[in-house]
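Residues per chain are reported as follows:
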Amino acid sequence: MEQTSTTRYTLITSSEGDSRSDLDTFATRRKTQVYQRASTVLFALVLLCLTGVVSWRYAASQGGGTSSACATPVTRREWRALTETEQLHYLDAVQCLRTQPSVIGMNHSLYDDFPYIHSKIGNYSHGTMDFLLWHRHFLHIYEIMLKEKCMYTGHATYWDWALDWEDLTQAPIWDSTHGFGGNGNTSAAKSVAYGHCVTSGPFAHLSALYYAGAAQKHCLSRGFLTDLEETRPIRNLISPQAVQQVLDEADFEGFYTRLEFKGHNAIPALVRGDFFEVTAPYDPVFFLHHGQLDRLWWMWQAADPDNRVRKLLGRKGAGGREDEELSRVLDFGDLAPGIAVEQILNTEAEVLCYVY
Ligand SMILES: *[C@@H]1O[C@H](CO)[C@@H](O)[C@H](O)[C@H]1NC(C)=O
Ligand SMILES: *[C@@H]1O[C@H](CO)[C@@H](O)[C@H](O)[C@H]1NC(C)=O
Ligand SMILES: *[C@@H]1O[C@H](CO)[C@@H](O)[C@H](O)[C@H]1NC(C)=O
Ligand SMILES: [Cu+2]
């Protein structure tokens, strides 16, 4: 069993490698290669022209050259791939959000803006085509706030829970020094959604103001399901095999539906506490969970960019209009300006400019 899962995981990472090279096809790397291969200046010029045509055609197919403004996308890395210094830097920046004023005019901190907006505005996106779209940009806004308001110089990071599926409670992400603290403390006060107050790590005793979309002051809550037999059916949804099955989905509708109802829902079901409800961004691990979901979407897109980056309508959308979907504007309330769907479909274009 263990053997199989290790093999499967290797399969996933190697397909990620293939995907990277697919996407790189259009990057400046191509020009570099052209220069290297040319034995004469003339030959180089001819090839450069051809490259220009290819780039131009790619730009045209992407709806107008947006990719050119993102010459070197940054790489978002998994939590355990960060150095300890980088981990502490990220944790410091997240804590700093609590010291910054709300940008939506509320009497609470910038940290509270995220669960608030997720519950009041982002709630609509769950169970719809906008699920991955809305959360991709929500995470991007979070990253910008970390950088602009809290002097964070790194990038968003993610939690590849498929590495921990055999016992999620042992994941390094819960470390109390180089992580987000662990399970709620059963000797401490009870809190929301079957959890107790988290008393370890940088977010110990964090005070949350909202729960499930309403005002309700409580301490940051976690209530891990720990019985490995009991959790097996849920853990099976985040195994490397399950991830591969989702990545094998042929169209966007099949992909986002499976991803939301398997991987996305499994984590709150196992962690419980704040993560359990629509105010889930109170648990800072929420943003690493969504980093992972966004990464899986990115991998799925990269496996067939021609058909998967801009084609949103699946089986149900047979009668819908793709151009209407692309120009639709996603709403983030007063947290950030709305953004057209087509601007965030390609992570390597102007607005986002990242890879995994
Ligand atoms: C803002 O919140 C603080 C702490 O929750 C409270 O003491 C204060 O009275 C509030 N101010 C206003 C204007 O509501
Ligand atoms: C989302 O939350 C808002 C504000 O609480 C509410 O008015 C709206 O009906 C909710 N939408 C959905 C789809 O649950
Ligand atoms: C758990 O809570 C108890 C009571 O508040 C406290 O004494 C203990 O140090 C806590 N344990 C951890 C690991 O934080
Ligand atoms: Cu959500």
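I will try to describe carefully the structure that is included in this document. Everything numeric in this text was worked out from a predicted model, so none of it was measured.

Thresholds, definitions, all that
- Residues numbered from 1 in each chain as written.
- Chains lettered and ligands numbered in written order.
- Predicted model: local features only at pLDDT ≥ 70, side-chain atom pairs only at ≥ 80, totals over all residues.
- Heavy atoms only, no water.
- Near = heavy atom within 4 Å.
- Polar contact = N/O pair within 3.5 Å; in protein donor to acceptor, adjacent residues only side chain to side chain.
- Areas by Shrake-Rupley, 256 points an atom, 1.4 Å probe, with all protein chains shown as cover.
- Helix = DSSP H or I, 4+ residues; strand = E, 2+ residues; numbered from the N terminus.
- Buried < 20%, exposed > 50% of the residue type's maximum accessible area, 1.4 Å probe, protein only.
- Contact = heavy atoms within 4.5 Å.
- 1 Å grid on protein atoms, 1.4 Å probe; cavity = no way out; pocket = protein on both sides within 12 Å on 5 of 7 lines; lining within 4 Å.
- Points joined across faces, edges and corners; volume = space filled by probe spheres on them.
- Nonpolar A, V, L, I, M, F, W, Y, C, P; charged D, E, K, R; others polar.

1. Section: the site of ligand 2
1) Next: Taken together, the residues surrounding ligand 2 are S119, K120, N123 and Y124.
2) Next: Take N123: an N or O atom from its side chain is 2.2 Å from an oxygen atom of ligand 2.
3) Next: Compared with its free state, where it exposes 360 Å², ligand 2 has 34% of that area covered by protein.

2. Thoughts on the side chain of H218
1) Next: Checked against the element boundaries, H218 lands in strand β6 (residues 214-219).
2) Next: With relative accessibility at 9%, the residue H218 sits in the buried group.
3) Next: Looking at H218, its side chain comes within polar contact range of the main-chain oxygen of Q216, at 2.8 Å.
4) Next: Excluding residues that lie within four positions of it along the chain, H218 makes contacts with S191, V192, L206, S207, A208, Y210, Y211 and D274.

3. Describing empty space enclosed by the protein
1) Next: In the structure shown here, the tally under the stated rule is five cavities of 30 Å³ or more.
2) Next: Of the pockets and cavities examined, the largest cavity occupies roughly 80 Å³.
3) Next: Looking at the largest cavity, the residues that line it are D167, L168, T169, W174, F224, L225, T226, L228, T231, R235, L270 and V271.
4) Next: Looking at the lining of the largest cavity, the elements with two or more residues in it are α7 (228-235) and α9 (252-271).
5) Next: In terms of residue count, the dominant contributor to the lining of the largest cavity is α7 (three residues).
6) Next: Here the residues of the lining of the largest cavity sort into seven nonpolar, three polar and two charged.

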